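# An overview of the molecular structure
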Amino acid sequence: MTEIDYAALAREAGLERVGARPPLPAYLKEMWERRHFATRLARYRIEAQLSQNRLGLGWVVLSPLLQAAVYGFVFGLIMDRGSRAGLNFIPFLVTGFFVFQFFAQSFSQGARSITGNASLVRSLGFPRMLLPVSAVIRNLYELVPMMVVLAFILVGYGEYPSWSWLLVPAVLFFMMLFNAGIALIAARLTVHLRDFTQIVPIITRLILYMTGIFYSLELVLADNPPWMLTLAQLNPVHDYIQMVRSMVLEGQEFNTLILVTGIVGGIAVFIGGIVFFWSAEERYGRD
Amino acid sequence: MTDKQTPTVVVDNLHVDYKIFASGKAAKDRRSLLSRQRGVRVVHALKGVSFTAYEGESIGVIGHNGSGKSTLMRAVAGLQQPVKGAVYASSRPSLLGVNAALLSDLTGEKNVILGGLALGMTPEEVEERYDSIVEFSGIREFMDLPMQAYSSGMAARLRFSIAISRNHQILLVDEALAVGDKEFREKSEQRIRDLREEAGTVFLVSHSMRSIMETCTRVIWIDHGTLKMDGEPSEVIREYKKST
Ligand SMILES: Nc1ncnc2c1ncn2[C@@H]1O[C@H](COP(=O)(O)OP(=O)(O)OP(=O)(O)O)[C@@H](O)[C@H]1O
Ligand SMILES: [Mg+2]
């Protein structure tokens, strides 16, 4: 028995090693063929969540709205008025918070996407990247009602529609690339180290404060050395939010640094996330 | 007899270890913060298993509890990384294990659709086969319940029906039929025989020798992580029974 050369036998019969990670192009092709799995899973997850609450879809919008209200109330009282002088504060806050929510939810759901679907991962073979991608698609779906409600809030507070509103989807597209990259990186880190899920909310909170949701970074840092603002603007999350704000609000603007960081950062994190996730494909699902 | 046939699965000197971060008495003497090996115990679950499976075979896998049968199935499915050796296969094997549901908070209907899509079917194909999958599972009236509300037998029925819906493949069944009732077991054993005829390869882990005798053309006996015997079902089962 032992003298049989099994590897040669397998080679002759044209068999491939099981669990071997396919090359990246083949992997992405297989993902594309199964894209319907990711979109359906995203839809079903939303439906399952909705059927559990009486308010259903309402919570998709209501939950970030209430959070924004809490932050707005607390920080509106605490923060010095100079941090938002001349701002139409409520539209400023709600725009920022809704767009931030897209990042925060993609990050936390992406982190849990492999470990939280262990049963599925253990029983069916499919490109694992579909799971974190599906988490981002889900949040993209949820972003649609949020943006509709945002439009009403903006109009209600005297920010009227203009042609520049049409540029918002372009910004959100690059933000989606960024979020997908982050979700992929977080998904793999969680597989290596379960404890990572405990750190995710802390990182999210840190980014929330660094991003300037309830105050304007540009105003707060105006009197500090300019390198501090430059540093703050190297945070892509802030850049997407600031770009959306300047498209829907009066008197908000963005500079080249914000534009370039947003676009380049989105593409770079997306590609980096894909490679980072794919290179550990053989590890997922093994306890 | 099997020489002229096409191999579908080749297992080459497979070694699988489990590392366990143990605590308690056995780990105590080595406990030190500085050593990376703090309390790590290694279980050699498979110690060099080799065999070849061919088209149209259904292979029973037997052995006592903890002998490494499930580990072997997980390694063949590519879900367990070998420390040494490799598994080669003609297509990605799908493993039907004992875990209850795919996505337990979603309904049976959605599990069927997602399962089909994950197996690589197009949405149209899933729609086409949906009825036959549900029909085979025999639990149509529960399709709108979340799978966490299923009994273990109901969940096993649905999972088996999903996995079997794609033809020409390598199917690994690890005690997944054990919880099904008599009617379903007979139906699924028939389906396994059909699959074999369609040039598929089936592995069946079971403690029921009767079920193995009825469905398998070959039996592999795993003992303490090594392949103890490989051959005709009646012969291997006779030896296995003698040893216990
Ligand atoms: N997740 C795990 N972590 C650590 N050790 C494991 C794990 N799974 C199995 N083992 C060990 O590997 C060995 C083989 O286990 P395995 O589950 O393959 O046995 P089995 O033949 O399927 O048994 P059974 O008939 O009870 O299903 C056992 O000694 C077991 O303790
Ligand atoms: Mg077992």
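In what follows, the structure referred to is the one given above.
Description of the structure in this document. (Residues numbered from 1 in each chain as written. Chains lettered and ligands numbered in written order. Predicted model: local features only at pLDDT ≥ 70, side-chain atom pairs only at ≥ 80, totals over all residues. Heavy atoms only, no water.)

### Observations regarding the environment of Phe-97 of chain A
Residue and element names in this part refer to chain A.
- Here Phe-97 shows up in helix α5 (residues 89–111).
- By relative accessible area, which is 2% here, Phe-97 ends up buried.
- Each C-alpha atom, one on Phe-97 and one on Val-61, is 11 Å from the other, the two residues being 36 residues apart in sequence.
- Ignoring anything within four residues of it in the chain, the contact list for Phe-97 reads Pro-64, Gln-67, Ala-68, Tyr-71, Leu-208 and Ile-213. (Helix = DSSP H or I, 4+ residues; strand = E, 2+ residues; numbered from the N terminus. Buried < 20%, exposed > 50% of the residue type's maximum accessible area, 1.4 Å probe, protein only. Contact = heavy atoms within 4.5 Å.)

### Comments concerning unusual backbone geometry
Residue and element names in this part refer to chain B.
- The phi angle at Asn-13 is positive, at roughly 45°, despite the residue not being glycine.
- Here the phi dihedral of His-224 falls at roughly 50°; this positive angle occurs in a residue that is not glycine.
- Turning to its location among the elements, His-224 is positioned in the loop between β8 (218–223) and β9 (226–231).

### A few points about the interface of chain B and chain A
- Across the contact, 41 residues belong to chain B and 34 residues belong to chain A.
- Buried area between chain B and chain A, summed over both chains or domains, comes out near 3,400 Å², and the portion from carbon and sulfur atoms is 62%.
- In terms of surface lost to chain A, no three residues of chain B exceed Leu-79, Arg-92 and Ala-118 of chain B, which account for 16% of the buried area on that side.
- The tally of links from chain B across to chain A stands at two salt bridges.
- The salt bridge involving Glu-47 of chain A is made with Lys-110 of chain B; its shortest N-O contact spans 2.7 Å.
- Looking at the side of chain B that touches chain A, the elements with two or more residues in it are β1 (7–21), β2 (40–54), α2 (69–76), β4 (84–89) and α3 (108–118) of chain B.
- Split by residue class, the side of chain B that touches chain A holds 25 nonpolar, ten polar and six charged. (Buried area = accessible area lost by both parts, 1.4 Å probe. Salt bridge = Lys/Arg side-chain N within 4 Å of Asp/Glu carboxyl O. Nonpolar A, V, L, I, M, F, W, Y, C, P; charged D, E, K, R; others polar.)

### Observations concerning the packing of aromatic side chains
Residues and elements named next belong to chain A.
- If you walk through the whole model with that rule in mind, you get 14 aromatic pairs over all chains.
- Considering the side-chain rings of Phe-214 and Tyr-215, the 5.9 Å spacing of their centres and the 55° angle between planes classify their relative orientation as tilted.
- Among the aromatic residues, those joined into a ring-pair cluster are Phe-100, Phe-103, Phe-107, Phe-178 and Tyr-240.
- Between Arg-188 and the ring centre of Phe-276, over which it is positioned, the NZ or CZ distance is 4.2 Å. (Phe/Tyr/Trp six-rings, centres within 6.5 Å; stacked < 30°, edge-to-face > 60°. Lys NZ or Arg CZ within 6 Å of the ring centre and 35° of its normal.)

### Some thoughts on the nonpolar core
Residue and element names in this part refer to chain A.
- Phe-100, Phe-103, Leu-172, Ile-213 and Phe-214 are the most contacted members of the largest nonpolar core, which has 55 residues in total.
- Of all the elements in the fold, those that place two or more residues in this core are α3 (35–52), α4 (58–78), α5, α7 (130–156), α8 (168–192), α9 (196–211), α11 (226–233) and α12 (236–248).
- The leading source of residues in this core is α5, at 13 residues.
- Residues in contact with Phe-100, not counting those within four places in the same chain, are Thr-204, Ile-207, Leu-208, Thr-211, Ile-213, Val-237 and Ile-241. (Core = buried A, V, L, I, M, F, W, Y, C linked by side-chain atoms within 4.5 Å.)

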